[in-house]
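Geometric and topological summary
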Amino acid sequence: MKFVLKDFKIDLSITRLANIHYFEFTTNYHTHNDSHKFCELVYIDKGNIEVASDHYTGSLYQTEMILHGANQNHSIICNEQTAPNIIIIGFECDAPILEELTYAPLPLTDELQKMLAEIIKEARAVYLPPYNIPNQKNMKKRRTFTLGSDQLIKDYLEIFLIKCLRLKAAHRASSQKVFRRNKAQIYEIKEYLDENFQQKITIEELCFLFNTNKTSLSVAFQQAFNQTIIAYLNNLRIEYTKSMLREGNYTLTQIADSMNMSSVHYLTTLFKRIANMTPTEYLRTIRETLS
């Protein structure tokens, strides 16, 4: 009897790499809305940022990652307090299952953080610097590099993504149990946000006040209201800003101050991202409609 060789079932395969960056951004740095034909992995090594994409709008904290799928619009905003360190990897992969990683941030385990570090290490052996130029169109490879380094980037990244998908599935199963048990609490949290959106509110504060954890809270809120907590808060703040602007008695600086924002620039950027126009354009549109 002959040996029967078995084919492998390949759930995802990375075909090409676009870029692999480690950025040290300044406070208030932001990118313009962008989209491209490859996927983009975003991981926060230090600090936190605001992310806006077709599938997710909200915060991304230290040790969290999110994926932007091919042809998805996305942008980032660095806040006023923290200068973040960010890993961004662009890669080509047509596996539909990767969409699971585009809807909400995923906190990485120590194992996954170490795997990501290994990917960066191998990339430094293969690609020439600089590694921190935004929107770099053509990262150059070295003429020679250690045997297997290029292949290890592909292999490590595929394993990393598979483990992320497994972790995501485990979080979802756990959060669904928590959501069923604490559904009333989520509406209590929403009411708290409605009443206190003018104050600075963090996920950590909500976890403390309502005796829960960040992952369970974030996923349960998303399931209940089809948006993240930060997106919900930001929408409340922008609707409040629109109302104050229509009253005509407040400057944008005064409105920012009333919501404890230290920078009118941050409010303006947030307004444009959510309303697709600046506050000035919004007022002009309202006046033209009413004239």
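A quick note: this is a predicted structure, and the numbers were derived from the prediction, not measured.

Topic: helix α5 (residues 214-225)
Here α5 spans 16 Å end to end across 12 residues, near enough to the 16 Å set by a 1.5 Å rise per residue. Turning to α5, its buried residues are Ser 216, Leu 217, Ala 220, Phe 221, Gln 222 and Phe 225. Positive phi appears at Asn 226, one or two residues downstream of α5, with a value of about 60 degrees.

Focus: the sheet that holds strand β6 (residues 74-78)
Taken together, the 3 strands give an open sheet; going across it, the order is β4-β3-β6, and neighbouring strands pair in antiparallel fashion. With one partner strand each, in any of the chains shown, β4 (57-61) and β6 form the two edges of the open sheet. Pairwise comparison of adjacent strand axes, ignoring direction, gives a mean angle of 30 degrees for this sheet. For strand β3 (residues 48-53) and β6, the ladder comprises 5 bridges, and the chain directions are antiparallel.

Some points on the nonpolar core
Grouped together as the largest cluster of nonpolar side chains are 35 residues, with contacts concentrated most on Leu 193, Leu 206, Leu 217, Ile 229, Ile 255 and Leu 267. Elements with a contribution of two residues or more to this core: α3 (183-196), α4 (203-209), α5, α6 (229-247), α7 (252-258), α8 (264-275) and α9 (279-290). Broken down by element, the residue count for this core peaks at 8 residues, all from α6. Residues in contact with Ile 255, not counting those within four places in the same chain, are Tyr 240, Thr 241, Met 244, Leu 245, Tyr 250 and Leu 267. Ala 95, Ile 120, Ile 153 and Leu 161 belong to the second largest nonpolar core, which has 34 residues in total.

Topic: the packing of α3 against α6
Two numbers describe how α3 lies on α6: the axes approach to 10 Å, and their chain directions differ by 35 degrees. You can see that α3 and α6 cross each other, and the crossing is right-handed. In this structure, α3 contributes Lys 190, Leu 193 and Asp 194 to the contact, and α6 contributes Ile 229, Tyr 232, Leu 233 and Leu 236. Among the residues forming the contact of α3 with α6, the class breakdown is 5 nonpolar, no polar and 2 charged.

What about the pairing of β6?
For β6, a buried count of 5 out of 5 residues is recorded, marking the element as mostly surrounded by other parts of the structure. Neither face of β6 is exposed, since His 74, Ile 76 and Cys 78 on one face and Ser 75 and Ile 77 on the opposite face are all buried.

Re the packing of aromatic side chains
Within this structure, the stated rule accounts for 8 aromatic pairs. Plain terms: the ring middles of Tyr 187 and Phe 225 are 5.1 Å apart, the flat faces sit at 75 degrees to each other, and that makes the pair edge-to-face. Of the two residues, Tyr 187 is situated in helix α3 and Phe 225 in helix α5; the sequence distance between them amounts to 38 residues. Look at Phe 225 and you get buried, because its relative accessible area is 17%. Taking the centre distance of 5.8 Å and the plane angle of 65 degrees together, the rings of Phe 221 and Tyr 232 count as edge-to-face. Taken together, the residues span a long stretch of sequence, with Phe 221 in helix α5 and Tyr 232 in helix α6 at a distance of 11 residues.

Notes on unusual backbone geometry
Pro 129 connects to Pro 130 through a cis peptide bond whose omega is 5 degrees. Turning to its location among the elements, Pro 130 is positioned in the loop between α1 (110-126) and α2 (149-181). Look at Asn 211: it is not a glycine, yet its phi comes out positive at around 55 degrees. Residue position: Asn 211 is located in the loop between α4 and α5. You will see that Asn 260, though not glycine, has its phi angle at about 60 degrees, which is positive. Structurally, the position occupied by Asn 260 is in the loop between α7 and α8. Asn 260 sits in the partly exposed class, given a relative accessible area of 35%.

Conventions adopted
- Residues numbered from 1 in each chain as written.
- Predicted model: local features only at pLDDT ≥ 70, side-chain atom pairs only at ≥ 80, totals over all residues.
- Heavy atoms only, no water.
- Helix = DSSP H or I, 4+ residues; strand = E, 2+ residues; numbered from the N terminus.
- Expected span 1.5 Å × (residues − 1).
- Buried < 20%, exposed > 50% of the residue type's maximum accessible area, 1.4 Å probe, protein only.
- Pairing = 2+ DSSP bridges.
- Axes fitted to C-alpha atoms, helices over the stretch in contact; angles between N-to-C directions.
- Core = buried A, V, L, I, M, F, W, Y, C linked by side-chain atoms within 4.5 Å.
- Contact = heavy atoms within 4.5 Å.
- Left-handed = near helix turned anticlockwise from the far one by under 90°.
- Nonpolar A, V, L, I, M, F, W, Y, C, P; charged D, E, K, R; others polar.
- Phe/Tyr/Trp six-rings, centres within 6.5 Å; stacked < 30°, edge-to-face > 60°.

Any link to function would need more than the numbers given here.
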